[in-house]
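Report on the structure
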There are 2 protein chains.
Amino acid sequence: MRWQDIDQQPCSMARALAIIGDNWTLLVLRDCFLGVRRFDDFQQRLGVTRHVLSDRLRKLTEGEILEKVAYQQRPLRHEYRLTGRGRDLYPVIAHLAQWGDKYLADSKGAPVLRIHKQCGHPLHAQLQCGHCGDIVEAKDIRVEEGPDYIGQLLPAQMTSRTK
Amino acid sequence: MRWQDIDQQPCSMARALAIIGDNWTLLVLRDCFLGVRRFDDFQQRLGVTRHVLSDRLRKLTEGEILEKVAYQQRPLRHEYRLTGRGRDLYPVIAHLAQWGDKYLADSKGAPVLRIHKQCGHPLHAQLQCGHCGDIVEAKDIRVEEGPDYIGQLLPAQMTSRTK
DNA sequence: AATAGTCAGTTCCAATACGGAACTCATAGT
DNA sequence: ACTATGAGTTCCGTATTGGAACTGACTATT
């Protein structure tokens, strides 16, 4: 299977990764959340080739994660802004950055601090269950196939097990 | 800049993505959290070529996200299991899948349900601030450079702004 | 004893994607 | 007239991928 066909799988993650799972795309999104909006700024900060950047920005725009907004006429120039859909990816970015801070930081500490405006402290991101309010880890979750997918998605040993 | 050199940047996300940001790697991790552990099972479920799978599993093992555990001798066979570090990536996977469920699902609904064992309901993942307990969105965060990186990481307009 | 099957890879080759650099096009500034 | 800005596109040599076959150490079946 080619990478460009994975969005046809019945899997939400596969479809999400078809848009943002490319090699440079999550770094583009990192910069979006830092306030970068213009082509040349992305290019200089990331060091990615212009060709690849152009392709990734196009895919993000087609996926409605970014939108092109004109910031001047004559000559017409656009900048890339996060849409609501795009901003909803923030938890992914926050947890990814926090995981990197925890396991891959060098002696100089975390390069960027994410401060929670409301309480003023560096964000310590936790995964919370919206229903009961508990903090959730991998071991607290069991998976089930949706009604239309029984017996199709999970490895055999998972369909009978609790864990 | 080549993709293989991004782990040298002073950015936790870049370093994390150097291990898990490759095209197929997050799908490999998805399957790990579904309980898949063996080479051929990954290969059949993902449809990725064996060559690429071998490479990605090696990188995940080198990054201590997976570990090779012998499950039989004669002939010696290994399976790939998530380490503690690997399980700590669960919030990333959960939010990614939820984002896909929300924006990219078709008429058949979410293919896989993640049930929170403690409360029995499908997980509604939320990003919570561990300090104050509030639910956090992108707009609630401002970024600051770490002490050793002043003036080096953020786009110019962010260093003076609040947002 | 010979054959087929399992499993985790490795090897080979053609097709695709990437990195680097230069180039385009419309316009503004000096 | 000349230079700069900004968002790309074009070109070309190199690196990576997709697909399929092959390897090697066994176990199971005939």
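All chains use their own residue numbering, which begins from 1 and follows the written sequence. Whichever chain is written first is A, and whichever ligand is written first is 1; the rest continue in order. In view of the model being predicted, local features appear only for residues whose pLDDT reaches at least 70, and side-chain atom pairs are presented and counted only at 80 or more, with totals across whole chains, interfaces and linings using the full set of residues. No hydrogens and no water enter the side-chain calculation; it runs on all heavy atoms of the structure.

Attention shifts here to the overall build of chain A. Counting its secondary structure elements, chain A contains seven helices and five strands. Start at the N end of chain A and walk to the C end: the helices and strands fall as α-α-α-α-β-β-α-α-β-β-β-α. Over its C-alpha atoms chain A spans a radius of gyration of 19 Å, topping by over 25% the 15 Å that the globule rule assigns to 163 residues. Buried positions account for 50% of the 163 residues belonging to chain A. Partitioning the contacts of chain A with sequence separation of at least 6, the portion at a separation of at least 24 is 34%. Working definition of accessibility: Shrake-Rupley area with a 1.4 Å probe, residue cover restricted to the visible protein chains. A total accessible area of about 7900 Å² is found for chain A, and carbon and sulfur atoms account for 45% of it. By the counting scheme adopted, Arg and Lys are positive, Glu and Asp are negative, and His together with the chain ends is not counted. Every charge is mapped onto a representative atom, which is NZ of Lys, CZ of Arg, CG of Asp or CD of Glu. Across chain A, 24 positive and 20 negative side-chain charges occur, with their mean positions spaced 6 Å apart. Secondary structure elements are defined from DSSP: runs of H or I of at least 4 residues count as helices, runs of E of at least 2 residues count as strands, and each element is numbered from the N terminus. Atoms counted for the radius of gyration: C-alpha only. Globule rule: 2.2 Å times the number of residues to the power 0.38. We call a residue buried when its accessible area falls under 20% of the maximum for its residue type, exposed when it is over 50%, and partly exposed in between, using a 1.4 Å probe and counting protein chains only. Contact between two residues is taken to exist if any of their heavy atoms lie within 4.5 Å; hydrogens are not considered.

This part covers the UniProt feature "domain: HTH hxlR-type" (unreviewed entry) in chain A. As recorded in UniProt, the sites labelled "domain: HTH hxlR-type" (unreviewed entry) are residues 11–108 of chain A. Helix makes up 59% of residues 11–108 of chain A and strand makes up 13%, while its end C-alpha atoms are separated by 39 Å. UniProt positions are given in the numbering used here, feature names are shortened, and annotations may be inferred rather than shown by experiment.

When we say a residue is near a molecule or strand, we mean one of its heavy atoms is within 4 Å of it. With respect to spatial proximity, 22 residues lie near DNA strand D, and among them Met-1, Arg-50, Arg-77 and Tyr-80 of chain A together with Arg-56 of chain B are the closest. The separation between a base nitrogen of DNA strand D and a polar side-chain atom of Arg-77 of chain A is 2.9 Å. In the scheme used here, Gly and all other residues not listed as nonpolar or charged are polar, with Ala, Val, Leu, Ile, Met, Phe, Trp, Tyr, Cys and Pro taken as nonpolar and Asp, Glu, Lys and Arg as charged. Looking at the surface near DNA strand D residue by residue, the classes come out as eight nonpolar, four polar and ten charged. What qualifies as a polar contact is a pair of N or O atoms within 3.5 Å, subject to a donor-acceptor requirement within protein and to the restriction that residues adjacent in sequence count only when both atoms come from side chains.

For the rest of this paragraph, the subject is the protein's contact with DNA strand C. Taken together, 22 residues lie near DNA strand C, and Arg-56 of chain A together with Met-1, Arg-50, Arg-77 and Tyr-80 of chain B sit nearest. If you look at DNA strand C and keep only atoms within 4 Å of the protein, 64% of those are sugar or phosphate atoms. Arg-74 of chain A places a polar main-chain atom, nitrogen or oxygen, 3.2 Å from a sugar or linking oxygen of DNA strand C. Going through the elements one at a time, helix H4 (50–62) of chain A together with helix H3 (39–46), helix H4 (50–62), strand S1 (66–72) and strand S2 (77–82) of chain B are the ones with two or more residues in the surface near DNA strand C. Split into classes, the residues belonging to the surface near DNA strand C amount to eight nonpolar, four polar and ten charged.

By a simple turn and slide, chain B fits onto chain A: the slide is 0.0 Å along the axis, the RMSD is 0.0 Å, and the turn is 180°. Read as a symmetry element, the transformation amounts to a two-fold axis. Fitting of the copies onto one another was done by least squares over C-alpha atoms, counting residues only where both copies have pLDDT of at least 70.

Let us now look at the packing of aromatic side chains. By convention here, two paired aromatic rings are described through the distance between centres and the angle between planes. Any Phe, Tyr or Trp ring, taking Trp's six-membered ring, that has another such ring centre within 6.5 Å forms a pair; planes under 30 degrees apart are called stacked, those over 60 apart edge-to-face, and the others tilted. What the rule picks out here adds up to six aromatic pairs over all chains. Measuring from ring centre to ring centre gives 5.1 Å for Trp-24 of chain A and Trp-3 of chain B, while their planes differ by 75°; the resulting arrangement is edge-to-face. Here Trp-24 of chain A is found in the loop between helix H1 (12–20) and helix H2 (25–33), whereas its partner Trp-3 of chain B is found in the segment before helix H1 (12–20) on a different chain. The cationic tip of Arg-38 of chain A hangs over the ring face of Tyr-71 of chain A; the distance from NZ or CZ to the ring centre is 3.7 Å. The criterion is that NZ of a Lys, or CZ of an Arg, lies within 6 Å of the ring centre and within 35 degrees of the ring normal, and then a charge sits over that ring.

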